Amino acid sequence: MYSFAPLIVLFPLLGFLINGFFGRKIKNETLVGSIGTLAVASSFVVALLIFVEMVGSPVEERKHIVTLFQWIAAGSFSVNVAFQVDQLSILMTLIVTGVGSLIHLYSIGYMHGDAGFWRFFTYLNLFIFAMLNLVLADNYLLMFLGWEGVGLCSYLLIGFWYDRNFEKGTTGDAAKKAFIVNRIGDFGFLLAMFLIFNTFGSLTYESVFAQAAGFSPGVSVMFWITLLMFVGATGKSAQIPLYVWLPDAMAGPTPVSALIHAATMVTAGIYMAARSSILFSLAPATMEIVAVVGLLTAFFAGTIGLVQNDIKKVLAYSTVSQLGYMFLAVGVGAFTAGLFHVMTHAFFKALLFLGSGAVIHAMHDEQDIQKMGGLQKYMPWTFRTFVIGSFAISGFPLLSGFFSKDEILWKSFADGAPWMWVIAALAAGVTAFYMFRLVSLTFLGKERFDHHHVHPHEAPKTMLIPLLILALFSIIGGYVGIPHVLGGHNYFEEFLEPVFAGANAKMMLPMHDSAALELGLMAVSVAVGLLGMFAGWKIFTEKPEIAENTAKKFSGLHKLLWNKYFVDEAYDAVIVNPIKQTSDKFLWKIFDVKIIDNTLNFSAKFVEATSNILRRIQTGVVQSYAVIFVAGILFILGYLIVW
Amino acid sequence: MEFFSPTDLLGSSPILALGLFSLIALLVNAFLKNSAGMVFYVSAVGIFVAIGCSIYTFPMNATAFSDMLLVGGYASFFSVLFLVIALFSMFIAKPYLEREQYHYGEYYVLILLATIGMVMLASSADLITAFLGIEMMSVSFYVLAGYFRGKLSSNESALKYFLLGAFATGFLLYGIALIYGTTGTTNLLRIVTMYPQPFNDPLHIIGWGLILIGFGFKVAAVPFHMWVPDVYEGAPTPVTAFMSTGGKAAAFSVFLMTFSVPMSMRDERLMTVLAVLAAASMLLGNWFGLSQTNLKRMLAYSSIAHAGYMIIGIASATPMGQQGIAFYLVSYALTNLGAFGIIAMMEKENGGNLNYEDYAGLGKRKPALAALLAMFMFSLTGIPPFAGFIGKYYLFASAVQSHMTWLAIFGVITSLFSTYYYLRIIVYMYFKEATNHEEIKLPGLTFATVILCGAGIVLFGIVPSLIFDLMKSIF
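Residues numbered from 1 in each chain as written. Chains lettered and ligands numbered in written order. Predicted model: local features only at pLDDT ≥ 70, side-chain atom pairs only at ≥ 80, totals over all residues. Heavy atoms only, no water.

Details of the overall build of chain A
Just so we agree on the cut-off: The way it works is that DSSP assigns letters per residue, a run of H or I at least four long becomes a helix, a run of E at least two long becomes a strand, and they are numbered from the N terminus. Radius of gyration: over C-alpha atoms. The globule rule applied is 2.2 Å multiplied by the number of residues raised to the 0.38 power. With residues, only the protein chains shown are counted as cover, and all accessible areas are computed by Shrake-Rupley using a 1.4 Å probe. Counted as positive: Lys and Arg. Counted as negative: Asp and Glu, with His and the chain ends omitted from the count. To locate a charge, the coordinates of NZ of Lys, CZ of Arg, CG of Asp or CD of Glu are taken.
When helices and strands are tallied, chain A shows 26 helices and four strands. Relative to the compact-globule value of 26 Å for 643 residues, chain A shows a C-alpha radius of gyration of 28 Å, a close match. The principal-axis extents of the C-alpha atoms in chain A amount to approximately 100 × 65 × 50 Å. Carbon and sulfur atoms form 69% of the exposed surface of chain A, whose accessible area is close to 25600 Å². Between the averaged position of the 39 positive side-chain charges in chain A and that of its 40 negative side-chain charges there is a distance of 9 Å.

Re the pattern of salt bridges
The criterion, for reference: Each reported salt bridge corresponds to a side-chain nitrogen of Lys or Arg within 4 Å of a carboxyl oxygen of Asp or Glu. Burial here depends on accessible area, computed with a 1.4 Å probe over protein chains only, as a share of the maximum for the residue type. Under 20% is buried, over 50% is exposed, and the range in between is partly exposed.
Applying the stated rule across the entire model yields 22 salt bridges over all chains. Lys63(A) is paired through a salt bridge with Glu206(A); the nearest N and O atoms lie 3.0 Å apart. In this pair, Lys63(A) is assigned in the loop between helix H2 (29-56) and strand S1 (64-74) and Glu206(A) in helix H7 (residues 205-212), connecting sequence segments 143 residues apart. Relative accessible area serves as the criterion here: at 40%, Lys63(A) is assigned to the partly exposed category. Here Glu206(A) falls in the partly exposed class, since its relative accessible area comes to 41%. In this structure, the salt-bridge partner of Glu156(B) is Lys160(B), at a minimum N-O distance of 2.7 Å. With a gap of four residues between them, Glu156(B) and Lys160(B) both fall in helix H7 (residues 152-183), about one helical turn apart. Among the residues examined, Glu156(B) registers a relative accessible area of 42% and is labelled partly exposed. Judged by relative accessible area, which is 4%, Lys160(B) ranks as buried. Taken together, the shared-partner salt bridges in this structure form one network comprising Glu156(B), Lys160(B), Asp230(B), Glu233(B) and Arg297(B).

Observations regarding the interface of chain A and chain B
The condition that has to hold: Residue contacts follow a heavy-atom distance rule, with two residues in contact if any of their heavy atoms lie within 4.5 Å. As used here, buried area is the combined drop in accessible area, with a 1.4 Å probe, of two parts when they are placed together. A 3.5 Å cut-off defines polar contacts: any pair of N or O atoms within that distance qualifies, except that in protein one atom must be a possible hydrogen donor and the other a possible acceptor, and neighbouring residues in sequence count only when both atoms are side-chain atoms. Each residue gets one of three labels, nonpolar for Ala, Val, Leu, Ile, Met, Phe, Trp, Tyr, Cys and Pro, charged for Asp, Glu, Lys and Arg, and polar for the others, Gly among them.
The interface is formed by 32 residues belonging to chain A together with 41 residues belonging to chain B. Summed over both partners, the interface of chain A with chain B comes to about 3100 Å²; 78% of that surface belongs to carbon and sulfur atoms. A per-residue breakdown of the area chain A buries against chain B is headed by Gln618(A), Phe629(A) and Leu640(A), which together make up 23% of the total. Our count for the contact surface shared by chain A and chain B stands at zero salt bridges. Applying the counting rule to chain A against chain B returns two residue pairs in polar contact (both at pLDDT 80 or more). Listing elements by their share of the side of chain A that touches chain B, those giving two or more residues are S1, helix H25 (567-617) and helix H26 (622-642) of chain A. No other element matches H26(A), which puts 14 residues into the side of chain A that touches chain B. Of the residues belonging to the side of chain A that touches chain B, the class tally is 24 nonpolar, seven polar and one charged.

So far we have only geometry, and geometry alone does not tell us how the molecule works.
The following block contains the structure:
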């Protein structure tokens, strides 16, 4: 089955080409939607078959490299279009195509009647194609191609409704912000690639990692490589300081938020770090930076989520915060824990986003949760699935999020530091609180919307089915990785661990077998979560005045959170405006107008003048052509003889 | 003594097939009235048969007729390229000539005859066969350039081409004579064994210099390029398409093969002369391209510049350079055929509709056509993922490999010039309002050819190994 791996990438490409070239002419929404959905679903089936074969084969035979063709070869530099199918890449492929096909299906209902229906599915398929290249590539260059490709698709889809307004500008502004911030990160990745090639003379994983195994931890070049990679990761995976684009990315249609800005693309940074685990393991300093940045992101993004009123904004900050958890795991060397959370998060965050989409759909594009309430009555199934998702993300015991988050918390304590655990556990409480605030304000309590204009209704079947399936996985998705301390068996870790064998050997993490401590910490974090959930529910269904009073009492803090720590404003003041000002006052009005334009005008005049002179040579008279010819002969023969 | 062996027959089978079918075509043309359509089909069949023969002989890697002809490998690779170019140019020509009411059978016969010359060029293992091939091709081109008998510009084009071409041929022949005089052979395989003594002989190196002049004229390198703009502009558009792709590719195939002999010695003098020619062609071609308003003329100057890029590959004298040229020729042929195909479709009687302004608003009027032309322009500029990028990359890399980094930098800078006039057409197509609202007819045959060319440059741009894998067995 492994040799069929290229098909996984090919199907979405086909879907993209068909819908891209003929979508406008097909006109039939069902057909366009089915082509798009089937393309991704077929990839999922192939990936699943490969996965089944992989599980059935011995551990040492699980990695295969399928070469499609040689891409570029010049001198010592050679890169193939080749796919590395192993435990890590197949896991990511399953997530991308599995969650992806559900979201495609959902989009058929959600995008119904949109003028750009075919365009939407074209972009979605292109995105899946790029994302699969990213995760399946066997070298950094192809990964970079996918990396740039998902960035492009993200840009196209955030600005999908390019004629709509979004906050203070248009969706186009949000799309540009995402693209530019991502580009900053991409530049880091690019530099990392140059350094890798410079150090190892290759960009292929096999060769780079094999050589890296000969290094010892702490070499400075490894620090720079991994740090630059991490800069790339902060861009794509929305970490401090480059997270600012993700909340604005909510300008796109909701399925896009679910697919790209929650479940798949934003995990690219985690994937890259996990894939390069051996390089990171050689740079303990970077690992520490990664862990701290992840932890801070998890906490600060979570606190911003506490006060936001836009249903998608809350989820967006929640995503940033959850991604922070994943980086925390990577930073403390718990790669499998990070990926475990990637998987469970994909389930419940896709579920939550799709649920919010159903709500927005039902409320006629209203996104303000202060203008909702009581929707439980009108949308029972959306409500149920949404609550399941909320329980899962809050780490309610025995749901998927519990297992993955708890593993990260434990690892942050055991392999990181106790203070890390404290902040992470606090952030978990914050998460539970804002999620149940969201549930309460949206579905419970008084109906605060205008009944004359808004008639909420349950979502159509194509939207409900994906919700139900995702809800199911949000419940059971965690059972592949039950911690030993609870008497389970962590199949997930066992499956992935061989990929990280090289890194683990370098890190030599201490062994922990203090079951009591692990259980105790688990109990505390669960208690914090439950407290958050309860408070969120109780305050916002029954005593909203508490929230208002608190907000008034700590109006400074509230204002700080409401304005997202003024980070956007700070960036505007420190980076964006100075750049704009310099561009306007200096680069444009002085450098461009005076220097560049004058140089150009001069050179244009020069070229014009010279071509006017030279044109006289091109007289159209054959004799004069022969004269030039003879001059050429004299030069060549003269040079050859005299030299 | 036998005059020829089965290998000789098999080895020359593409040439024989083309010769046979051109005779049939000639007879059909002579004895049947209104037979142009018929001649077209006969010629197309002939080309397919020749393609079959070339592919069949590809694995042979031998010589035929006492080392006069190369068989298989190099010869087959280029023969297939020329044959495909000939076929595509015929597809472009048929609707065009019908529209211009100049549709006669002899057009296709001349194409076949020129193609015989080209195949001979790629197969030549001897300077004599090379000379025969060049003449066979050139004489057909002279006639083709003046194919529009009634048009002054076409006649002028043919005459200029002929006069200067005859002039250049003289130098080529003189060069061959000097090589023969200093080594006692004209066979490329044997000149090698005569090294290195004759190289110290000034007459020998002058011989190579003179041959270089002859080839320089055929590939349109500065300063032997003066004919190009006038001839390209005056000749019927499908002929220009054929000359600028097939003619150039054939000239480069023999240039590359012949100069692999002296360049294998990495003679500093020849390398410098070639590098200077390359730099001058890139500079002047692109420079003059900037001020053109007529698309055919612009592509003529572009063709001079591209000759410069490819000469880098010969000057660098590395396998990478040679492979780069072969790849570049494929991509350049597809790109130019596509671009000229579009120009042929857009053209109006008496050379109308050939200026940049005439393409204004094409993006809205004919989106598919505009998108294809934009692709061709991007490929000529050398922007990925189109084939033009890979070709340029290899050529510039070969210069760096041969310690001629200055040449690579020079190439990159002059490429930068070229973006101005290539992208200018895109600006016209997409950012200017249409002034002309006459209906544009897209003949199916030409349009399909253009689409094939477009698909080709995308395919080879993304999967260059399709061609490079073939070349591993050639170079």
